[in-house]
Amino acid sequence: MQNNAVTNRNPAPARLAAPVWRRLLAGIGAVLVLATGVMQADSVSAGIADTRHNLGSGPGLAGRNSTSDTAEVCVFCHTPHGADVNAPAPLWNKRLGAAGAPAGGGTYTTYDTLQTPSLDGTVAPVGSISMACLSCHDGTQAMDNVINAPGSGGVVADGGGVDGRAYTWSGSSVSATGRISGGPGLLGTDLSNDHPIGIQYCGGGLTGSGTTVSGTCSDGDFRQPQTQTINGNQVFWVDTGGAGKQRTDLPLYQRATGGLGPLVECASCHDPHVSSGQAGPAGTGQVAGETFLRISNASSAVCTTCHVK
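The name an unreviewed UniProt entry gives the protein chain is Doubled CXXCH motif domain-containing protein, with Leptothrix discophora as the organism.

Asks: Which residues make up the state of the cysteines, and what values go with them?
Replies: Taken as a whole and judged by the stated rule, the model has one disulfide. Through a disulfide, Cys202 is tied to Cys217; the S-S separation comes to 2.3 Å. When the S-S torsion is -80°, as for the bridge of Cys202 with Cys217, the disulfide is left-handed. Taken together, the positions of Cys202 in the loop between β3 (199–200) and β4 (207–209) and Cys217 in the loop between β5 (212–214) and β6 (226–230) put the pair 15 residues apart, joining distant regions of the chain.

Asks: If you had to explain the packing of aromatic side chains to someone new, which residues and values would you point to?
Replies: What the rule picks out here adds up to two aromatic pairs. An angle of 75° between the planes, with centres 5.3 Å apart, marks the rings of Tyr201 and Phe222 as edge-to-face. Remark: Phe222 occurs in the loop between β5 and β6 and Tyr201 occurs in the loop between β3 and β4; sequence separation between them is 21 residues.

Asks: Which residues make up the nonpolar core, and what values go with them?
Replies: Ranked by internal contacts, the top residues of the largest apolar core, which has 14 residues, are Trp92, Tyr108, Val126, Leu134, Leu191 and Ile197. Of all elements in the fold, only α3 (128–137) and α4 (266–269) reach the threshold of two or more residues within this core. In terms of residues, this core owes the most to one element, α3, which gives four residues. Ignoring anything within four residues of it in the chain, the contact list for Leu191 reads Tyr108, Thr109, Thr110, Tyr111, Val126, Leu134 and Ile197. Membership of the second largest hydrophobic core comes to 13 residues, among which are Ile199, Tyr201, Leu206 and Val264.

Asks: Outline the confidence of the model for the protein chain, listing residues and values.
Replies: A residue-level look at the protein chain finds 85% of positions with pLDDT of 70 or above and a mean pLDDT of 87. Counting interchain partners and residues more than four positions distant, the pLDDT-below-50 stretch residues 1–45 has four contacts.

Asks: Can you break down the pairing of strand β7 (residues 233–238) residue by residue, with the values?
Replies: Alignment of β6 against β7, held across five bridges, turns out to be antiparallel. The partner of Thr227 across the bridge, within β7, is Phe236. Linking β6 to β7, which pair antiparallel, is a turn of two residues; within it Asn231 sits at a positive phi near 55°. Pairing of β7 with strand β8 (residues 250–252), which is carried by three bridges, proceeds in the antiparallel orientation. Bridging across to β8, Val238 finds its partner in Leu250.

Asks: Can you break down the side chain of Thr227 residue by residue, with the values?
Replies: For Thr227, the position within the fold is in strand β6. Thr227 gets classed as buried once you look at its relative accessible area, which sits at 4%. Within polar-contact distance, the side chain of Thr227 engages the side chain of Gln234 at 2.8 Å. Residues in contact with Thr227, not counting those within four places in the same chain, are Gly210, Thr211, Thr212, Val213, Gln234, Val235, Phe236 and Trp237.

Asks: Break down the sheet that holds β6 for me, with residues and values.
Replies: If you trace the three strands from one edge of the open sheet to the other, you get β6-β7-β8, paired in antiparallel fashion. On the outer flanks of this sheet lie β6 and β8, each paired with one strand and no other. Each strand axis lies, on average, 35° off the axis of its neighbour in the sheet, ignoring direction.

Asks: Mind laying out the pattern of salt bridges, listing which residues take part and the relevant values?
Replies: Across all of its chains, the model carries three salt bridges by this definition. The shortest N-O distance in the salt bridge between Asp163 and Arg179 comes to 3.1 Å. Taken together, the positions of Asp163 in the loop between α3 and β2 (169–170) and Arg179 in the loop between β2 and β3 put the pair 16 residues apart, joining distant regions of the chain. When its relative accessible area of 24% is taken as the criterion, Arg179 is described as partly exposed. Between Asp271 and Arg294 there is a salt bridge; the shortest N-O distance is 3.9 Å. Of this pair, Asp271 sits in the loop between α4 and α5 (301–306) while Arg294 sits in the loop between α4 and α5, and the two are 23 residues apart along the sequence. For Asp271, a relative accessible area of 7% translates into the label buried. Exposure remark for Arg294: the relative accessible area of 11% places this residue in the buried category.

Conventions and cut-offs
- Residues numbered from 1 in each chain as written.
- Predicted model: local features only at pLDDT ≥ 70, side-chain atom pairs only at ≥ 80, totals over all residues.
- Heavy atoms only, no water.
- Disulfide = S-S within 2.5 Å.
- Helix = DSSP H or I, 4+ residues; strand = E, 2+ residues; numbered from the N terminus.
- Phe/Tyr/Trp six-rings, centres within 6.5 Å; stacked < 30°, edge-to-face > 60°.
- Core = buried A, V, L, I, M, F, W, Y, C linked by side-chain atoms within 4.5 Å.
- Buried < 20%, exposed > 50% of the residue type's maximum accessible area, 1.4 Å probe, protein only.
- Contact = heavy atoms within 4.5 Å.
- pLDDT = per-residue confidence, 0-100.
- Pairing = 2+ DSSP bridges.
- Polar contact = N/O pair within 3.5 Å; in protein donor to acceptor, adjacent residues only side chain to side chain.
- Axes fitted to C-alpha atoms, helices over the stretch in contact; angles between N-to-C directions.
- Salt bridge = Lys/Arg side-chain N within 4 Å of Asp/Glu carboxyl O.

Right, here's the structure in full:
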């Protein structure tokens, strides 16, 4: 009896029938495929948290400018409440300058001051979506200038002024007061050595209605843009692939006044929310480039999307 008890506690391993093994292997394979799909999805959905625009104290790109005062990422540009109603960017959370002036004071020097003969489009004063970008990148005010700070009761109309909220900053290109102090991210107020912004696309001469672009580019060395009416607004872009307007296309911007037609702005080439190599929408065949470029600039693809060269 004792020997039988011992034998029962240690039975010989049973052989599983072949169909059972096949089902087990199929299940394991399905799990591996699912895990691979999740990893691939994570790799293509990477966004602002993995870029230098993540200024919070949480996980992020090593060596970036960051503050120890909040782990929030979006707050340095956007807020769900109390945004600047005059800003040309959605739910904008930073103080902007008036009439094309930097928020920290002074004026911009633009590319047209060089009197380059090939510059055949009218250049508007700095404004539109480009002003939103320059609210940090001109270096005239702190990056922690935010109108609605994290937490309750944090709304201040001027965002704390040029020195912001007195957050504590670290990084190789940020000053003690939180202003961009160096590196390629510091554009300054002299924009004469940067691609023109606020300039008429293709020399001007374009209007649109529905999906029809009217007029002819004054400069034939540009590709014809596309247009569409979205929410009652006439939207223009230069196509880079895929059907309809896509995140990877190069958008052109219009201003409420001036009648200059579609303009090239900072955000025509740059998308502040994408990480390098991030895949574009299905069917576009595009990936984001370095420095927040909407598409990779391999073989000068960003340049030749607009310029016929």
